[in-house]
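In case you want the letters, here they are:
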Amino acid sequence: MKTKGILLVDDSANDVELTLAALGKHHLANDVTVARDGEEALDYLFRRGRFADRPATNPVLVMLDLKMPKVDGLEVLRRVRADEALKLIPVVILTSSREERDIIKSYTLGINAYVVKPVEFEKFFDAVEELGLFWMVINEPPPAVS
Amino acid sequence: MPSQPSRRLRYAFAGAGAALTAIIVAYMALDLWKSHNDAIGEAARNTRNLLRVVESRVSGVVNIVDLTLTSIDRSLGQVPRRGAEIDEFLRRRLELVPYARLLFTTDAEGRIDHDSGNFTAMRLNVGQRDYFRVQRDAPVAGSYIGAPVLGMATHTWLIPVSRRLETAAGGFAGVLVAVVDPRHFQEFFSSIDVGGHGSVSLYLRDGTLLARGPEIENLIGRPIADAPLFKGALPLAESGTSRAESEIDRVRRIFSYSTFAGGRLVALVGAGESEVLSGWHRQAGTQFIVLLVFVGTVAWFTVLLARQIVRQQVLTRQLLDSEARLAGIVSSAMDGIVTVDDAQRIVEFNPSAEQMFGRAAAEVKGQALDILIPERFRAVHRDHLRAFGTHGTTSRRMGALSAITGRRANGEEFPIEASISKLEARGRKFYTVILRDITERQRAEDELHRYLGQLKVLHDVDMAILAAHSPGAIASTSLQHLRRILPYWGATVRVIDDEANAAILLAYEREPTAAFDPRPRRPLEEYGAADLAEMKQGRERAVQDISAMPERPVSIERLYARGMRSYARVPLVVEGALVGVLNIVSDETGYFTADRVEIARAVADHLAIALQQALLRERVERQSEELERRVAERTAQLEEANRELEAFSYSVSHDLRAPLRHIDGFSKLLAAEVGNANGTVARYLDIISRSAARMGALIDDLLAFSRMSRAQLHTARVDLSQLVAEVREECLRDAQGRDIEWRFGALPAVAADARLLRLALVNLIANAVKFTSRRKHASIEIDACAGEGDEVIVRIADNGAGFDMRFADKLFGVFQRLHREDEFEGTGIGLATVRRILHRHGGRIWVESEPDRGTTFYFTLRRAVEDIREDQGNPAGR
């Protein structure tokens, strides 16, 4: 079941590396698919472009950055929640923004959690680690919509 | 109050009443006096008659006794008798004299030698008796009636009647005495009716009482010589009538007396005065009562009469006064007053009527009323008056007010308002007509109507002005309404535009057929300096005949050619400023009379104010539009700046943090990669990490601070004590193991945004915890007190490091720190945030501090609304 994996959407290569490093600590990194912007994320989710051939299974978790080139995180979120097949996927916002506006918008669109990326590495590491463990190990994912 | 004459009249009446009463009293007194005298006279007559009876009876007795004694004396002398023979003789003779009790004789010594009884043996001697001495010493002729004596044998009073016995030689031989019993007289006297208080009595001339009826004990023999009878009356007249009080019983009597028996005896008959006068007294009493009644009646009638007369007099005077007043009123009345008789001839004609009709009263009196009425109304008026006389009621005042027409002496007719009333006096009917010349009033009314018409138009103008919004509409409406009362050929309203230096046409009106075409713009210089000055002073100008103008300006010449003949120009001046000008032109010469100019003036005045206000309004509207436009511009700019700022904040928040995270993250990863690096490498990596962390904190605080300004305030009731308790718990997490003494005062509920207030409290309390960290024993006090109005002053005091108050003004600035980073860590943004939060709540914050002693922060908040109400309900609370 765990092969369904995580979709990590982040335009920052550094953040991706740090995130993967954190997830790697518990050997969760192998199940992570990285999308470097919103468009790529949508391609993956809707199995378009280079992801057209991927198996028709949804990720157990989408880790979504907000501020991204082309299509931003909120737009991705809106599309996901609007789609019958995708709307139940747990989405966690993982962002640098502590802006109230962002938090409110995100929750309004139906996120499952909002995590501000801590500046300190240890905290960041812990946060990502906990997220990965919680959603992939502890949390029971919604049943696949056929 | 009665006046002088009426008082005099009253006195006259009182005098007359008194005089009448006096006459009657006098007459009655005279009558009483006469009847009194009559009563007395009758009593006197009665007593005199009775006296005569008494006198004759007593005289009779005395004569018989005297005769008896004379015959005895003679018989004794002629026939010598001895002893017992004489006694027997005397006895026999005594039987002839029933009045006598005893007959006796004495010898010359007074010894009784013979008697008709058996006294001789007793050897009684009367030698000492008065009568004996009289007969012996000074003999009187005939019998001598002596003073009564108490009988020696009988011991009763007896009257001795004695006669001298002489010897042959004529010497004294003794006395012969007949003893008369006074009771004989008494009985007789008592049988005479002289009334209860009357009396009959017999005296000796010397006043010795011999008998009296009614009888009174122990009176006989008593002398009353001192009585007035004996001292006064008897010496004057032997007999008479008199009135006196009795010496014996003190009763006043009317009595008659007479002396008889040779002056030896006095008889007296008296009638009690009270009895005599009792009838008179009754009469007097009756008469007195009658008199009283009479006098009372007279007085009463006098008073009534006097009053009546006085009243009559007053009434008469009032009537005269009233008549005089009425005459005064009639003659001085403003209204004409004309009285006519039933033949409709003028009887009265007052001065006002004279003036009104231009005729003298003397001239019109006796003439027919017709002369005051225009001929064509005369018949109608006569009928009207007659009808009024026939059908009108008799009331004095039933005037019907009606307007009629009068005719003056000069033939001029004029309107009259008349009221008529009818009066009947001594069978004749009079009509009084009160007339008022209402020429003036009608003119005033007409004037008033005209004026009201103007007012109505002015009002319409005002209403129209109110309804109109633009100056053009106001001017146009005013001109339309003006035409209703002032039909003109054409009219314009121009407004003075100082900037354009011209009078701009705002509106114009004209007769439909008029060739009036004003120019839209007239340069001010065309008016000329003199005209402009005149206009600025607000003076209107009316030119009645343009053809007569010596020199016509071009503009006027142009309109003159089109038919204008006269014009009026009324400047529109408000508060000394020339706003515009109202021009009215006519195609008639002389059209602008004073009245018409006046109307134009009135409309112009209203128009001027309205116009000025409309112009002002227009200007204000223009300015406010400009203002709005600028505000919108500025708002747009501000919104743009705000958006930029937000975008900036967002970038800072998002983009600035990422590199820091990478620095920190990769330095950590590097450290792990390097493994157990030597001390220097590890320290450098640590510094990199900590710098990144600090940068992150700075960014967070800065963002929070900038958010403070923009975030919306959600004010609600916040329980300050609860919030403080929560914040304390939060702050204590970073102060594990420290000895901090917390002291809380009562903290009220406040009106605040809970989230922001919490942030402020976190900053302040965390500060207190932080700056007391070097204290072994830290103390933090938080309490509150009431400030002005609903203000609450909260105090947070610590005994921490404190600071120099010289730097107090720096304390609340962004990035301002008073301690080194290695002393107390911090970003220098916290207090700036606190101050901003409090300012946004309308509060203040200030600080007191002393190095090494501690710091006290004060800030103000508003008390929660419900709590204010509670406090007002319970002033003693808190």
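Residues numbered from 1 in each chain as written. Chains lettered and ligands numbered in written order. Predicted model: local features only at pLDDT ≥ 70, side-chain atom pairs only at ≥ 80, totals over all residues. Heavy atoms only, no water.

Buried together is how nonpolar side chains tend to be arranged in soluble globular proteins. Residue and element names in this part refer to chain B. The biggest cluster of nonpolar side chains holds 40 residues, and the ones touching the most others in it are Leu757, Leu761, Ile765, Ile782 and Phe859. A total of eight residues in this core trace back to one element, the largest contributor, which is helix α17 (residues 754-771). Core analysis: the next-biggest nonpolar cluster, separate from the first, contains 38 residues, Ile159, Leu204, Phe260 and Ala267 among them. (Core = buried A, V, L, I, M, F, W, Y, C linked by side-chain atoms within 4.5 Å. Buried < 20%, exposed > 50% of the residue type's maximum accessible area, 1.4 Å probe, protein only. Helix = DSSP H or I, 4+ residues; strand = E, 2+ residues; numbered from the N terminus.)

Bringing the pairing of strand β10 (residues 252-260) of chain B into the picture now. All names here are of chain B. Burial runs high along β10: eight of the nine residues are buried. Pairing of strand β9 (residues 240-245) with β10, which is carried by six bridges, proceeds in the antiparallel orientation. Counterpart to Glu245 in the pairing with β10 is Arg252. Remark: six residues form the turn of the hairpin made by β9 and β10, two consecutive strands paired antiparallel; Arg250 in that turn has positive phi of roughly 60°. Across eight bridges, the pairing between β10 and strand β11 (residues 265-272) is antiparallel. Of the residues in β11, the one forming a bridge with Ser256 is Val269. (Pairing = 2+ DSSP bridges.)

As a further point, take a negative patch on the surface. Together, Glu618(B), Glu621(B), Glu625(B) and Glu628(B) make up a negatively charged patch on the protein surface. Looking at the secondary structure, you find Glu618(B) in helix α14 (residues 594-674). (Patch = residues over 30% accessible without salt bridge, like charges linked within 9 Å, V, L, I, M, F, W, Y side chains within 5 Å. Areas by Shrake-Rupley, 256 points an atom, 1.4 Å probe, with all protein chains shown as cover. Salt bridge = Lys/Arg side-chain N within 4 Å of Asp/Glu carboxyl O. Lys, Arg positive; Asp, Glu negative; His and termini not counted. Charge placed at Lys NZ, Arg CZ, Asp CG, Glu CD.)

All names here are of chain B. All chains considered together, the criterion is met by 15 aromatic pairs over all chains. With a centroid separation of 6.1 Å and 40° between ring planes, the pair formed by Phe349 and Phe357 is classed as tilted. According to the relative accessible area criterion, Phe349 is buried, its value standing at 5%. In textbook terms, an aromatic cluster arises when at least three aromatic residues are bridged by ring pairs, as seen for Phe185, Phe188 and Phe189. Of note, Arg408 hangs over the ring of Phe414, and the distance from its end group to the ring centre comes to 3.8 Å. (Phe/Tyr/Trp six-rings, centres within 6.5 Å; stacked < 30°, edge-to-face > 60°. Lys NZ or Arg CZ within 6 Å of the ring centre and 35° of its normal.)

The next thing to look at is the sheet that holds strand β20 (residues 541-543) of chain B. All names here are of chain B. In spatial order, the strands read β19-β18-β17-β22-β21-β20; together these six strands make up an open sheet with antiparallel pairing. Each of the sheet's edge strands pairs with one partner strand only, and the pair in question is β19 (521-523) and β20. Taking each pair of neighbouring strands and ignoring which way they run, the sheet shows an average axis angle of 20°. In terms of strand pairing, β20 meets strand β21 (residues 566-574) through three bridges, oriented antiparallel. Paired with Ala542 across the bridge in β21 is Ala568. Helix α12 (residues 529-536) rests against β20, β21 and β22 (577-586) of the sheet, and its axis sits at about 55° to β21. (Axes fitted to C-alpha atoms, helices over the stretch in contact; angles between N-to-C directions. Contact = heavy atoms within 4.5 Å.)

Note: most residues except glycine have negative phi, and most peptide bonds are trans. The step from Gly213(B) to Pro214(B) runs through a cis peptide bond, and the omega angle for that step is -5°. Mapped onto the fold, Pro214(B) is located in the loop between β8 (209-213) and α5 (228-236). Positive phi values are uncommon outside glycine, yet Lys70(A) reaches one of about 60°. Relative to the assigned elements, Lys70(A) resides in the loop between β3 (61-64) and α3 (73-82).

Let us now look at the pairing of strand β2 (residues 112-115) of chain B. All names here are of chain B. By the bridge criterion, three bridges tie strand β1 (residues 100-106) to β2 in an arrangement that is antiparallel. Directly across from Thr106, in β2, lies its bridge partner Ile112. The hairpin turn running from β1 into β2, its antiparallel successor, is five residues long, and Gly110 in that turn takes a positive phi close to 105°.

So, about the confidence of the model for chain B. Residues and elements named next belong to chain B. Chain-level statistics for chain B give a pLDDT mean of 83 and a share of 95% at 70 or above. Summarising per-element confidence for chain B, the mean pLDDT is lowest in helix α19 (residues 865-873) (57) and highest in strand β27 (residues 791-798) (93). In the predicted structure, residues 393-401 sits below a pLDDT of 50 and forms 21 contacts with residues beyond four places in sequence or in another chain. Counting contacts from residues 872-878, a segment whose pLDDT is below 50, to residues more than four positions away or on other chains yields five contacts. What the predictor reports for the complex is a pTM of 0.37 with an ipTM of 0.75. (pLDDT = per-residue confidence, 0-100.)

Before going further, it helps to spend a moment on the interface of chain B and chain A. Size of an interface: often given as the accessible area lost when the parts come together. At the junction of the two partners, chain B supplies 22 residues and chain A supplies 23 residues. Connecting chain B to chain A are three salt bridges. When the shortest N-O distance is used, the salt bridge between Arg755(B) and Glu100(A) registers 3.3 Å. Viewed at the interface, chain A and chain B are joined by seven residue pairs in polar contact (both at pLDDT 80 or more). Sorting the residues of the side of chain B that touches chain A by element identifies α14 and α15 (679-710) of chain B as the ones contributing at least two each. The element contributing the most residues to the side of chain B that touches chain A is α14(B), with 15 residues. Classifying every residue of the side of chain B that touches chain A by side-chain character gives eight nonpolar, five polar and nine charged. (Polar contact = N/O pair within 3.5 Å; in protein donor to acceptor, adjacent residues only side chain to side chain. Nonpolar A, V, L, I, M, F, W, Y, C, P; charged D, E, K, R; others polar.)

It is worth spelling out the sheet that holds β8(B) at this point. Residues and elements named next belong to chain B. Taking strand neighbours across the sheet as the criterion, the five strands line up as β8-β7-β11-β10-β9 in an open arrangement whose pairing is antiparallel. Whereas interior strands pair on both sides, the edge strands pair on one side only; in this sheet they are β8 and β9. With direction set aside, neighbouring strand axes in the sheet form an average angle of 20°. Strands β7 (199-204) and β8 of the sheet are contacted by helix α4 (residues 182-191), whose axis makes an angle of about 30° with β8. Those strands touched by α5 are β7, β10 and β11, and its axis lies near 60° from that of β10.

The pLDDT averaged across chain A works out to 85; a share of 95% of its residues lies at or above 70. Helix α5 (residues 121-138) of chain A is the least confidently modelled element of chain A, averaging 83 in pLDDT, while α3(A) averages 92, the highest of any element.

Here we take up the side chain of Arg54(A). All names here are of chain A. Tracing the sequence through the fold places Arg54 in the loop between α2 (38-45) and β3. For the buried Arg54, no salt bridge is present, and the opposite-charge side chain at shortest range is Asp83, 9.4 Å distant. Of note is the side chain of Arg54, whose polar atom sits 3.3 Å from the backbone oxygen of Leu45. Apart from residues no more than four positions distant in its own chain, Arg54 is found in contact with Tyr44, Leu45 and Arg47.

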